[in-house]
Protein chains: 2
Amino acid sequence: MNITWTLIQKQRFQELNASVAQREMCFESQQDRDRVFQEQERILVQQGKLRLKELHDTKKRPSLCVLEQKLVEALTQKGFVQVITPTIISKGSLAKMSVADDHPLFSQVFWLDTKRCLRPMLAPNLYTLWKDLLRLWEKPIRIFEIGTCYRKESKGALHLNEFTMLNLTELGLPEDQRQQRLEELAALVMDTAGITDYQLELTTSVVYGDTLDVVKGIELGSSAMGPHPLDDQWGITDPWVGIGFGLERLLMIKEEAQNVQSMGRSLTYLDSVRLNI
Amino acid sequence: MNITWTLIQKQRFQELNASVAQREMCFESQQDRDRVFQEQERILVQQGKLRLKELHDTKKRPSLCVLEQKLVEALTQKGFVQVITPTIISKGSLAKMSVADDHPLFSQVFWLDTKRCLRPMLAPNLYTLWKDLLRLWEKPIRIFEIGTCYRKESKGALHLNEFTMLNLTELGLPEDQRQQRLEELAALVMDTAGITDYQLELTTSVVYGDTLDVVKGIELGSSAMGPHPLDDQWGITDPWVGIGFGLERLLMIKEEAQNVQSMGRSLTYLDSVRLNI
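Residues numbered from 1 in each chain as written. Chains lettered and ligands numbered in written order. Predicted model: local features only at pLDDT ≥ 70, side-chain atom pairs only at ≥ 80, totals over all residues. Heavy atoms only, no water.

The name given to chain A in an unreviewed UniProt entry is Pyrrolysine--tRNA(Pyl) ligase large subunit, with the source organism recorded as Desulfosporosinus fructosivorans.

Shown next, in the form of structure tokens:
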């Protein structure tokens, strides 16, 4: 019982989002293995076709869109206001996040020209809006954005060049309530995504320094709080909390899928199903 | 009565989305004009603050997001399936749309490197999905996408570097029903956006040749049908119709606003209101 899948079989299983049980099977002989592979592949292809039929007949929207809408509903009900900001941002605004030439994230940025790039995160735009909204609304200012961010990630089962980020922020809350508020907001998002048994872990972010991550096997979200050294650049002095999630990762964990590509914007997958089935 | 607004006053009115009546006022003297300008500017600023208060207290989402959700509901009810595809596309896929070096649209494309660019339209991705879906679903194949497209437009009141496109397509319908179907689909979108009194005009597109435009003062949408010379490149032989709309333009016309920037992704405007009020 020590013969396992070949590399090609493993790849195909990853494409088809095979279950942990399927991926961990062992065999007495190569013949056995290859016979079972054909069986299991056929089952996975059938399941994929069924899911595409369901998308066509009843669901009508990929899970990523459905999750986005659920999050919008949950957050607006809790008093957050949705904003939509440009995906093309200035080099200056990135520099204000301390992401300059010598920063680990800098090499992952897609540049359009010497002055403009695709946003690798939502935070700089939200900082910009905070400054205006402090003049117009009473504190606490609660805003969120859900939108595409871009990073030149080394392609892997956990990374995407373009992914969907949710960033929710609350500016102007009492300093001693920040930790509790972050826990509440993390719980709100995880409930909405249908994920239980996650952990909050103290870790170090390349942008924010010490942060609290939301983890279930992989990093699902990352939070930060202020006053923070970056705030000076944006003229912000009030305490704040912010928490960001990758929506494709939330779906991957919720659906126990094997690759994040299948959950995101794609021409190869539709609603997590490989189209070359 | 032949004194009109100064250039600076006109610009400020455009920022504040002044009404036609406000924009077309004439005066006996410069003194009169400048007094009325101050009054009207104050009123517009008040209206803007009220709209931001409404966004904060009850609406919770910018009109662009609300319109997107209404369109999703209207289209899925009519049997269309939503898809979400990459905003980064290949040079090859653009070339298959006949957008190559000598094409008028080519100079408007944002390039990330020699092989990849930001999509200036949704069509190439929808063509790619059609080919797979023809194997998996029965005809007619009805899909739509709502998402950001990018063009290096000369900045003006009607153009945005990043704008939100809706493209809905139906593949595999009887050839003699195409014209009528396009009219139905245009009506569905215009109804959903709350726009009446639009016209359908025959015109010539740089990509598709002769097309039917949806017009109300400005071009709101543009449609095409196949079989079409481009279809060969994608291996498509069935008849089809497709129609694309700029959502920011739909909002601008619906709300009688003066500039499309105020309706789109922005750091200067929030839900059509200038933030430096």
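Still more to cover.
So, about the overall build of chain A. Counting secondary structure elements, chain A contains nine helices and eleven strands. Viewed in the frame of its principal axes, chain A has a C-alpha envelope of about 70 × 40 × 35 Å. For chain A, the residues scored as buried account for 56% of the 277 residues in total. A sequence separation of at least 24 residues applies to 66% of the contacts in chain A between residues at least 6 apart. Total accessible area on chain A is roughly 12,300 Å²; 49% of this is exposed by carbon and sulfur atoms. Measuring between centres, the 33 positive side-chain charges of chain A sit 6 Å from its 37 negative side-chain charges. (Helix = DSSP H or I, 4+ residues; strand = E, 2+ residues; numbered from the N terminus. Buried < 20%, exposed > 50% of the residue type's maximum accessible area, 1.4 Å probe, protein only. Contact = heavy atoms within 4.5 Å. Areas by Shrake-Rupley, 256 points an atom, 1.4 Å probe, with all protein chains shown as cover. Lys, Arg positive; Asp, Glu negative; His and termini not counted. Charge placed at Lys NZ, Arg CZ, Asp CG, Glu CD.)

Residue and element names in this part refer to chain B. For the pair helix α4 (residues 63–77) and helix α7 (residues 178–193), the least separation of the axes is 9 Å and the interaxial angle reads 140 degrees. The orientation of α4 with respect to α7, classified from their angle, is oblique. Taken as a pair, α4 and α7 cross one another with a handedness that is right-handed. For the pair α4 and α7, the contacting residues are L67, K70, L71, A74 and L75 in the first and L188, V189, T192 and A193 in the second. Here the contact of α4 with α7 is built from residues that sort into seven nonpolar, one polar and one charged. (Axes fitted to C-alpha atoms, helices over the stretch in contact; angles between N-to-C directions. Parallel < 35°, antiparallel > 145°, perpendicular 65-115°, else oblique. Left-handed = near helix turned anticlockwise from the far one by under 90°. Nonpolar A, V, L, I, M, F, W, Y, C, P; charged D, E, K, R; others polar.)

This paragraph deals with the relation of the copies chain B and chain A. Relating the two copies of this chain is a rotation about some axis coupled with a shift parallel to it. Of the transformation placing chain B onto chain A, the axial shift is 0.0 Å and the rotation is 180 degrees, giving an RMSD of 0.0 Å. Here the copies are linked by what is in effect a two-fold axis. Identified as the residue of chain B closest to the rotation axis by C-alpha distance is L112 of chain B, at 2.9 Å. Take the interface residues of chain B: 100% of them recur as interface residues in chain A, which is what a same-surface contact looks like. (Least-squares fit on C-alpha atoms with pLDDT ≥ 70 in both.)

The subject of this paragraph is unusual backbone geometry. Excluding glycine, a negative phi dihedral is what most residues carry, and trans is how most peptide bonds are arranged. Residue and element names in this part refer to chain A. Between G226 and the following residue, P227, the backbone shows a cis peptide bond with an omega angle of 10 degrees. The residue N17 is not glycine, and still its phi comes out positive at about 50 degrees. On the secondary structure map, N17 appears in the loop between α1 (7–15) and α2 (20–23). One non-glycine residue, E256, lies in positive phi territory at about 50 degrees.

Nonpolar side chains in soluble globular proteins tend to be buried together. Counting 82 residues, the largest nonpolar core has W137, I143, L166, L168, F245 and L250 of chain A as the members making the most contacts within it. Other than its neighbours up to four places away in sequence, F245 of chain A contacts T164, M165, L166, L168, A186, V189, M190, V214, L220, G221 and L250 of chain A. Among the nonpolar cores identified, the runner-up in size contains 81 residues, and L16 of chain A together with L122, C149 and W240 of chain B belong to it. (Core = buried A, V, L, I, M, F, W, Y, C linked by side-chain atoms within 4.5 Å.)

Another point: the interface of chain B and chain A. Interface size, as often reported, equals the accessible area lost upon joining of the parts. At the interface, 50 residues of chain B touch 50 residues of chain A. Of the roughly 4,400 Å² buried where chain B meets chain A, counting both sides, 64% is carbon and sulfur surface. Its largest share of buried area at the contact with chain A, chain B owes to I84, R265 and L267 of chain B, together 16% of the area lost on that side. A salt bridge links E145 of chain A to R265 of chain B; the shortest N-O distance between them is 3.4 Å. On inspection of chain B and its partner chain A, the count reaches 21 residue pairs in polar contact (both at pLDDT 80 or more). For the side of chain B that touches chain A, the element with the most residues is helix α6 (residues 123–136) of chain B, which contributes seven residues. (Buried area = accessible area lost by both parts, 1.4 Å probe. Salt bridge = Lys/Arg side-chain N within 4 Å of Asp/Glu carboxyl O. Polar contact = N/O pair within 3.5 Å; in protein donor to acceptor, adjacent residues only side chain to side chain.)

Turning our attention to the side chain of R61 of chain B. Structurally, R61 of chain B can be placed in the loop between α3 (30–59) and α4. No salt bridge is formed by the buried R61 of chain B; the nearest opposite charge belongs to E68 of chain A, separated by 5.6 Å. Within the structure, the side chain of R61 of chain B is placed 2.6 Å from the side chain of Q82 of chain A, a separation counted as a polar contact. Only 2.4 Å separates the side chain of R61 of chain B from the side chain of Q69 of chain B, close enough to count as a polar contact. Here R61 of chain B is in contact with V72, T76 and Q82 of chain A together with L55, V66 and Q69 of chain B, once residues within four sequence places are set aside.

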